[in-house]
Amino acid sequence: MERTFIMIKPDGVQRGLIGEVIARFERKGFTLVGMKLMAVSRELAEKHYDVHKDKPFFGGLVEFITSSPVVAMVWEGENVVASGRTLIGATNPISSAPGTIRGDFGITIGRNLIHGSDAVETAQREIALWFTEPELASWTPANHGWLYE
Ligand code: DAT
Ligand code: MG
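Residues numbered from 1 in each chain as written. Chains lettered and ligands numbered in written order. Predicted model: local features only at pLDDT ≥ 70, side-chain atom pairs only at ≥ 80, totals over all residues. Heavy atoms only, no water.

This paragraph deals with the layout of surface pockets. Looking at the largest pocket, its volume works out to about 600 Å³. Along the wall of the largest pocket there are 23 residues; nearest its centre are Y49, H52, F57, L61 and T91. Breaking the lining of the largest pocket down by element, the ones donating at least two residues are α4 (58-65), β4 (114-116) and α7 (120-130). Looking at the lining of the largest pocket residue by residue, the class counts come to six nonpolar, nine polar and eight charged. (1 Å grid on protein atoms, 1.4 Å probe; cavity = no way out; pocket = protein on both sides within 12 Å on 5 of 7 lines; lining within 4 Å. Points joined across faces, edges and corners; volume = space filled by probe spheres on them. Helix = DSSP H or I, 4+ residues; strand = E, 2+ residues; numbered from the N terminus. Nonpolar A, V, L, I, M, F, W, Y, C, P; charged D, E, K, R; others polar.)

Looking now at the UniProt feature "active site" (unreviewed entry) in the chain. When the UniProt feature table is mapped onto this chain numbering, "active site" (unreviewed entry) sits at H115. By the secondary structure assignment, H115 is in strand β4. On the basis of relative accessible area, H115 is assigned to the buried category, the value being 10%. Residue contacts for H115: discarding those within four places in its chain leaves F5, I6, M7, K9, H48, Y49, I88, R102 and E126. For H115, the side chain forms a polar contact with the side chain of H48, separated by 3.5 Å. (UniProt positions renumbered as here; feature names shortened; annotations may be inferred. Buried < 20%, exposed > 50% of the residue type's maximum accessible area, 1.4 Å probe, protein only. Contact = heavy atoms within 4.5 Å. Polar contact = N/O pair within 3.5 Å; in protein donor to acceptor, adjacent residues only side chain to side chain.)

On to the site of ligand 1, then. Looking at ligand 1, the residues that line it are K9, Y49, H52, F57, L61, R85, T91, R102, I109 and N112. Between ligand 1 and R102, the relevant distance is 3.1 Å, taken from an oxygen atom to a side-chain nitrogen or oxygen of the residue. The side chain of N112 places a nitrogen or oxygen atom 2.9 Å from an oxygen atom of ligand 1. Burial of ligand 1 by the surrounding chains reaches 73%, relative to a free accessible area of 510 Å². Along the lines of polarity and charge, the residues of the shell around ligand 1 split into four nonpolar, three polar and three charged. (Near = heavy atom within 4 Å. Areas by Shrake-Rupley, 256 points an atom, 1.4 Å probe, with all protein chains shown as cover.)

A few words on unusual backbone geometry. One non-glycine residue, N79, adopts positive backbone phi at about 55°. Of note, N79 is situated in the loop between β3 (70-77) and α5 (80-88). Backbone geometry places L113, a non-glycine residue, at a positive phi of 75°. With respect to the helices and strands, L113 occurs in the loop between α6 (101-105) and β4.

See below:
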């Protein structure tokens, strides 16, 4: 079973979309194995977005992520990394399809509501960065046999 790191960004929390986002992952069939609402330190934000440190938007991105609480989550399921990105939609809400989280609720790239790991290796790195092992619960939902062959 694969795991991915999903974060509802400050705009999603401030706009009251926590439940909306969780509902979409839940009804798809994915399993929530970790979740916390937290203020993000500058150090954590910079580490999380390290790959973008030389981009012109890096400073603004770190400011934004540290400006108000986020909801950090780990979701589990078959191909949840790629499938999670599909649920989230394209980075720029101009191009994110209706029916995706960004497509339904976002207008601009700098306020695109949600983060999702872009690859299995990235997910492992991000989960280790945001969560400790005891914060993650391994469990099998009762409907497992109705979700997977
Ligand atoms: P994603 O979040 O879809 O993985 P990314 O990794 O390319 O996208 O960028 C990380 C975040 O940085 C993205 O969600 C929003 C912000 N961002 C990316 N490109 C940007 C740009 N050109 N201007 C402003 N913010 C940008
Ligand atoms: Mg990314």
